[in-house]
Amino acid sequence: MDVLYKWMFMKKGLLALFFALGVGNIAAFAQMTEDPTSWSFSKEKTGENEYDLILEATLQPGWSIYSMYTPAGGPMPVSLTVDGVGKGIELAGDAVEGEPKKKYSDIFKVDEWYFTDNYRLVQKIKITDPAIKEVRGTIEYQTCQDGACVPGEKEFSIQLEEKKATNTAGAPLTTDPAKDDSLWLFFWLAFVGGLAAV
């Protein structure tokens, strides 16, 4: 009887151990496949119908992202696609990154050009179709940490002109200084009247 109890206890213990190891491995895998980057997309007007598209990423500690100019044969580099090129949007030169770190890779047998902590990419564009008020595109990349790599892809949409507030008739909203003054006068008269009533 004691042998049976010991066998059942051991069996339950082994099942609990296998379950804990399985859950731990699943959690570790899920953490490794989660994108370790956080992106922001903006623009800066540099001239008549000319803009800098600014794509910036913050990386979690220990992770690297690879330059779009990393030598061929290395890890997957950053790749930028701007929609509408040749159809009202022109690229004005090559995209510009910061200065990457460089390290020879025994795995790829080439220098790796990479960034840690932060990554910034600027692409100059020229708008040749005045109807275009928004630029869309995709950035593809790969991040790695200790030999584990995660591919990533983000779509972006950047408004070129700020939208003006409009009323229900669609006309731009305007403020009437005379109405603003009359509201202040009403407020102060109500305030003083309230004090007098006390």
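The structure this text deals with has already been given above.
To start, this report covers the structure provided alongside it.

Procedures and definitions
All chains use their own residue numbering, which begins from 1 and follows the written sequence. Residues qualify for local features only when their pLDDT is at least 70, as the model is predicted, and side-chain atom pairs are given and counted only at 80 or more; totals for whole chains, interfaces and linings, by contrast, use all residues. Hydrogens and water molecules were not included; the side-chain quantities draw on all heavy atoms of the structure. In this description, the term disulfide denotes a pair of cysteine sulfurs within 2.5 Å. Burial classes: relative accessible area under 20% of the type maximum marks a residue as buried, over 50% as exposed, and values in between as partly exposed (1.4 Å probe, protein chains only). When DSSP finds two or more bridges between a pair of strands, those strands are recorded as paired. Note on conventions: DSSP H or I runs of at least 4 residues are helices, E runs of at least 2 residues are strands, and numbering of each starts at the N terminus. A pairing counts as a salt bridge when a side-chain nitrogen of Lys or Arg comes within 4 Å of a carboxyl oxygen of Asp or Glu.

A short note on the state of the cysteines
A disulfide bridge is the covalent bond that connects two cysteines by way of their sulfur atoms. According to the stated counting rule, one finds 1 disulfide in the structure shown. Each disulfide pairs two cysteine sulfurs, and for cysteine 144 the partner residue is cysteine 149, the sulfurs being separated by 2.0 Å. Since a negative S-S torsion denotes a left-handed disulfide, the cysteine 144-cysteine 149 link at about 110° is right-handed. Looking at cysteine 144, the relative accessible area reads 7%, which means it is buried. Residue classification places cysteine 149 among the partly exposed positions, given a relative accessible area of 41%.

With respect to the pairing of strand β7 (residues 101-104)
The side chains of a regular strand alternate, residue by residue, between the two faces of the sheet. With 4 bridges connecting them, β7 and strand β8 (residues 111-116) associate as antiparallel partners. Note on β8: the bridge partner recorded for lysine 103 is glutamate 112. With antiparallel pairing between neighbouring strands as the criterion, β7 and β8 make up a hairpin whose turn holds 6 residues, including lysine 109 at a positive phi of roughly 65°.

As for the pattern of salt bridges
Within the structure shown, the criterion is met by 6 salt bridges. With a shortest N-O distance of 3.1 Å, lysine 124 and aspartate 52 are connected by a salt bridge. Remark: aspartate 52 occurs in strand β2 (residues 50-59) and lysine 124 occurs in strand β9 (residues 118-127); sequence separation between them is 72 residues.

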